[in-house]
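Chains, contacts and geometry: an overview
Each chain, written out:
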Amino acid sequence: MPSGVPQRFLAFSVLVFILVALGYLGLAYGYASFLHSQIADGKAKLDELGRRISADDQKELTRLYSQISNTQKLLSSHVLASRAFTFLEANTAREVTYIGADLSVPDRRLTLDGAAASYDELVRQLASYKRAPEVERINLESSEAVGGAVRFKVNLIFKPAILKP
Amino acid sequence: MRPATKRLFSILASSGLLIGTIIFFSSAVMPEYKNIQQLRGEKKSLDAVVGEEDRLINTASQLLNEYQNAANLRDNLSLVLPREEALPGMINQIQGIARSTGVTIEGINVENLPLTHSEKSSIVEPVGSFKATVRIRGSYEASRSYVQSLETNVRIIDVDSMAISGGGGAGPLTTNLVLRTYYQR
């Protein structure tokens, strides 16, 4: 057997090899097996959790959640068309009568077919619409003096918030 | 064998063993280490999923228990947004409101509209709706009261459009209403 430096070098090489071989065996057959068994346990637990709530209960829960979510959504977009009545009651001159009214909620458009006692009265009525904070814009579609009264047709566009609860 | 030759062989063997060890380390130990890192990552994410699932299942179980105990909630929600079309119920409500507000119903037409989905990936079930065209006859106060009652009805009813005619005289008003009401599929 050689002595001195070659011997120590050989011992060092053998030691390094043994350490690397032990490290490999530990990783491949110890830690890896441990991790595999932990993963298998986790998957089994996940399956068990999945079975804790029955399919019927899951369906019922989905329906309940859907009902709440859909109701919330529908209520947030709910409209109050009757606000048009309130608006007309507050903003109609004494000498003006309405023959017809047409409200389109999606367009926020109220078309009024009415009669005013005179053109002066019609102008006052249009000014009243203009002043109303609920109205975004107005458009006098037509006006005609008929038998001592003035028939008119006017379009009012409401502000978006007016028809909301 | 001469001592010098023995030393040479010893050095060569040691070097060979060391080189072999390095080759073994890079070709077997390193890939195994990468595999271990991958498994650790998998375990960590699985633990997170199990934890989250456990939390969700507990919340869901608690909700189900509360929901099963609160029969009123289920009934009330089904009045606001029925779980079926419930068309006869809707016509009954439209008619009942007319009776209580003093207007006369001259006609009702109902049209089933396509389903609307919240979002493509959402678990929320779709909403179906009916468009009902209702023609009523009554005084101004009664017509106004009818529209207000529809708006505050338990089952959600939206007024899409409203056309009033017959004003300017002493006779009753005729109002054409286009209503929209909903149900959950």
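Before reading further, recall that the structure is shown in the block above.
Everything in this summary refers to the structure shown in the same document. Computed from a predicted structure; not experimentally measured. Throughout this description, residue numbers start from 1 for each chain and increase along the sequence as written. Each chain is given a letter, starting from A, and each ligand a number, starting from 1, according to the order in which they appear as written. At least 70 in pLDDT is required for a residue's local features to be given in this predicted model, at least 80 for side-chain atom pairs to be given and counted, and no such filter applies to totals for whole chains, interfaces and linings, which use all residues. Only hydrogens and water are removed before side-chain values are computed, so all heavy atoms of the structure are retained for them.

**Concerning the overall build of chain A**
Formally: Note on conventions: DSSP H or I runs of at least 4 residues are helices, E runs of at least 2 residues are strands, and numbering of each starts at the N terminus. Just to be clear, the radius of gyration here is over C-alpha atoms, and the globule rule we use is 2.2 Å times residues to the power 0.38. For the exposure calls, accessible area comes from a 1.4 Å probe over protein chains only, and a residue counts as buried if that area is under 20% of its type's maximum, exposed if over 50%, partly exposed in between. Only heavy atoms enter the contact rule, under which two residues are in contact if any of them lie within 4.5 Å. The Shrake-Rupley method, run with a 1.4 Å probe sphere, supplies the accessible areas, and residue values consider only the shown protein chains as cover.
Helix and strand counts for chain A stand at 4 helices and 4 strands. A globule of 165 residues ought to have a C-alpha radius of gyration of about 15 Å, yet chain A, at 42 Å, is considerably larger. Overall, the C-alpha framework of chain A stretches about 135 × 45 × 20 Å when taken along its three principal axes. When the 165 residues of chain A are sorted by exposure, 36% land in the buried category. For chain A, the share of sequence-separated contacts (at least 6 apart) that also reach a separation of at least 24 residues comes to 57%. Accessible surface computed for chain A: about 9500 Å², of which carbon and sulfur atoms make up 57%.

**Details of the packing of helix H3 (residues 87–101) of chain B against helix H4 (residues 140–151) of chain B**
Residues and elements named next belong to chain B. Note the threshold: Interaxial angles span 0 to 180 degrees and are taken between N-to-C directions of axes, which are lines fitted to C-alpha atoms, for helices over the stretch in contact. Oblique is the label for every angle not falling under 35 degrees (roughly parallel), over 145 degrees (roughly antiparallel), or within 65 to 115 degrees (roughly perpendicular). In this scheme the crossing of two helices becomes right-handed for a clockwise turn of the near helix relative to the far one and left-handed for an anticlockwise turn of less than a right angle. Note on residue classes: Ala, Val, Leu, Ile, Met, Phe, Trp, Tyr, Cys and Pro are nonpolar, Asp, Glu, Lys and Arg are charged, and everything else, Gly too, is polar.
Here H3 crosses H4 at 140°, and the two axes come no closer than 9 Å. Between H3 and H4, the angle is such that the two are oblique. Here H3 runs over H4; the crossing is right-handed. Counted together, Ile94, Ile97, Ala98 and Thr101 of H3 and Ala142, Ser145, Tyr146, Ser149 and Leu150 of H4 form the full contact between these two elements. Residues of the contact of H3 with H4, tallied by class, amount to 6 nonpolar, 3 polar and no charged.

**Some details on the layout of surface pockets**
Applicable threshold: Think of a 1 Å grid over just the protein atoms. A cavity is a set of points where a 1.4 Å probe fits yet cannot get out, a pocket is an open set with protein on both sides within 12 Å along at least five of seven lines, and lining residues have an atom within 4 Å of a point. Grid points are joined across faces, edges and corners, and a volume is the space filled by probe spheres set on the points.
Its boundaries defined by the atoms lining it, the largest pocket holds a volume of some 480 Å³. Lining the largest pocket are 18 residues, with Leu61, Thr62 and Tyr65 of chain A together with Ala60 and Leu63 of chain B sitting closest to its centre. For the lining of the largest pocket, the elements supplying multiple residues, two or more each, are helix H2 (55–76) of chain A together with helix H1 (3–69) of chain B. Of the residues forming the lining of the largest pocket, the biggest block, 9 residues, is contributed by H1 of chain B. Per-class residue counts for the lining of the largest pocket are 12 nonpolar, 3 polar and 3 charged. In this structure, the second largest pocket occupies an estimated 400 Å³ of space. Forming the walls of the second largest pocket are 20 residues, and the residues nearest its centre are Tyr98 of chain A together with Tyr140, Gly167, Gly168 and Leu173 of chain B. Contributions of two or more residues to the lining of the second largest pocket are made by helix H3 (83–90) and strand S1 (96–104) of chain A. For the lining of the second largest pocket, the element with the highest residue contribution is S1 of chain A, accounting for 5 residues. Classifying every residue of the lining of the second largest pocket gives 10 nonpolar, 9 polar and 1 charged.

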